[in-house]
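Coordinate analysis (summary)
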Amino acid sequence: MADNNEGERGVTRGGQYSGPVAQESAPVSDPHDDPAYVTRTKFLSGVALVTGGVMTAAILVPVIGFAAADSVQEEEWRWVDVGPLSDFPDGEVTSIAVSGPNPESDRRAFLRHRDGAIMAIWNRCAHLGCPVSYSAGGDVYSCPCHGGAYDSLGRVTSGPPPRPLDRFDIKIATPDGKDVARQEDVKVGVRTDGASPDDRVLIGRPFSIDEDQNPYRIHGPGEEVDGVLSNLYPF
Ligand code: FES
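So, a few notes on the structure that sits alongside this text. These numbers were taken from a predicted model, which means no experiment stands behind them.

This part is about the overall build of the protein. A tally of helices and strands in the protein yields two helices and 16 strands. Going through the 235 residues of the protein one by one, you find that 35% of them count as buried. Within the protein, counting contacts between residues at least 6 apart in sequence, those at least 24 apart form 52% of the total. As displayed, the protein offers around 13,900 Å² of accessible surface, 56% of which is attributable to carbon and sulfur atoms.

What follows is the structure in structure tokens.
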């Protein structure tokens, strides 16, 4: 009897296998083996890295820029003599032109002398920089460009300005240059009680304030002094 063993794997006849023979399949290329192949994980990791880098730069660049700008402004800044104390009577708000070597000092300011103290308020609108005007009747400031309105201390009462009017540092000195009084509290200004009419009023470095009159470094028109947007500016 012939050796005829049929099974799942084929037929063996006469000691010789004649069934199906496994064929070596042709190699199939796997795209994962290609070093240039970008998987979804790789792609998402790349997106996360780029996004993180952009956000970090958005925060660090303005911070570093402002720090550098402040140090430059510190060097350029000088006090500007705007006249004797007698030119600014108590009870009045006097508009003056401030001309000096500092970039920010070549502007107009309102010197507000009230209750034995003077403060200097910049006439630059905190919205887009238009010159504001003072109304003695209401003791308020208003901007002709977009309706910005400020109270007697330059705090916003209506309109688009994002912060109060900026101020200048201010001090009083004798005619030969000795300090008589400095601005200890920006909410008050510089005290004039102990000064004589001939003493000089000097305008100094500008600064910004918030609605509670807390001082900040000088900001440009449209910038907020605090809050999330202040960190994102100018991006
Ligand atoms: Fe003053 Fe716009 S510039 S309200």
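Next up on the list: the environment of R205. Tracing the sequence through the fold places R205 in strand 15 (residues 200-209). Between the C-alpha atoms of R205 and I218, which are 13 residues apart in sequence, the distance is 8.7 Å.

Note: strands within a sheet are paired through backbone hydrogen bonds, in either parallel or antiparallel orientation. As summarised here, the arrangement of the four strands in space is 8-9-10-11, forming an open sheet in which the pairing is antiparallel. Looking at which strands have only one partner, the edges of the open sheet turn out to be strand 8 (133-135) and strand 11 (156-158).

Quick look at the packing of aromatic side chains now. Tallied over the full model, the rule gives four aromatic pairs. A centroid spacing of 5.1 Å and a plane angle of 55 degrees characterise the contact between F110 and Y141, whose relative ring orientation is tilted. Taken together, the residues span a long stretch of sequence, with F110 in strand 6 (residues 107-114) and Y141 in strand 9 (residues 140-142) at a distance of 31 residues. Each of the two residues, F110 as well as Y141, counts as buried. Relative to Y141, the ring of Y134 lies with its centre 5.0 Å away and its plane at 45 degrees, an arrangement referred to as tilted. By relative accessible area, which is 1% here, Y141 ends up buried. Members of the aromatic cluster, each reached through a chain of ring pairs, are F110, Y134 and Y141. The residue whose ring lies beneath R124 is W122, and the NZ or CZ to ring-centre distance is 4.1 Å.

Another point: the side chain of D151. Mapped onto the fold, D151 is located in the loop between strand 10 (149-150) and strand 11. Assessed through its relative accessible area of 16%, D151 is described here as buried. A polar contact is formed between the side chain of D151 and the backbone nitrogen of L153, at a distance of 2.9 Å. Those residues within four positions of D151 in sequence are excluded, and the remaining contacts are D139, V140, Y141 and T157.

Once that is clear, we can look at the environment of Y216. Positionally, Y216 belongs in strand 16 (residues 215-216). Judged by its relative accessible area of 27%, Y216 falls in the partly exposed class. Setting aside anything within four residues of it in sequence, one finds Y216 in contact with F207, S208, I209, D210, V225 and D226. A polar atom in the side chain of Y216 sits 3.2 Å from the side chain of D210.

Core analysis: the largest hydrophobic core is formed by 20 residues, its most contacted members being V82, L111, I118, V201 and I203. Counting only elements with at least two residues in this core, the list comes to strand 4 (80-84), strand 5 (93-98), strand 6, strand 7 (117-122), strand 12 (167-173) and strand 15. Core analysis: the next-biggest nonpolar cluster, separate from the first, contains 13 residues, I121, C130, Y141 and L153 among them.

At D139, a residue that is not glycine, the phi angle is positive and equals roughly 55 degrees. Even without glycine at this site, Q213 takes up a positive phi of about 65 degrees. Within the secondary structure, Q213 is located in the loop between strand 15 and strand 16.

Of all six residues in strand 7, six are buried; the element is thus mostly enclosed. Residue alternation in strand 7 divides its side chains into two sets, A117, M119 and I121 and I118, A120 and W122, and both sets are buried. Two strands pair when backbone bridges link them, and strand 6 and strand 7 are joined in this way by six bridges, in the antiparallel orientation. What sits directly across from H113, in strand 7, is I118. With antiparallel pairing between neighbouring strands as the criterion, strand 6 and strand 7 make up a hairpin whose turn holds two residues, including D115 at a positive phi of roughly 50 degrees. Of the pairings in the sheet, the one linking strand 7 to strand 14 (residues 190-191) comprises two bridges and is antiparallel in character. Counterpart to A117 in the pairing with strand 14 is R191. Sheet topology note: the strand 7/strand 12 ladder contains two bridges and is antiparallel. Note on strand 12: the bridge partner recorded for A120 is F168.

Parameters at a glance
- Residues numbered from 1 in each chain as written.
- Predicted model: local features only at pLDDT ≥ 70, side-chain atom pairs only at ≥ 80, totals over all residues.
- Heavy atoms only, no water.
- Helix = DSSP H or I, 4+ residues; strand = E, 2+ residues; numbered from the N terminus.
- Buried < 20%, exposed > 50% of the residue type's maximum accessible area, 1.4 Å probe, protein only.
- Contact = heavy atoms within 4.5 Å.
- Areas by Shrake-Rupley, 256 points an atom, 1.4 Å probe, with all protein chains shown as cover.
- Pairing = 2+ DSSP bridges.
- Phe/Tyr/Trp six-rings, centres within 6.5 Å; stacked < 30°, edge-to-face > 60°.
- Lys NZ or Arg CZ within 6 Å of the ring centre and 35° of its normal.
- Polar contact = N/O pair within 3.5 Å; in protein donor to acceptor, adjacent residues only side chain to side chain.
- Core = buried A, V, L, I, M, F, W, Y, C linked by side-chain atoms within 4.5 Å.

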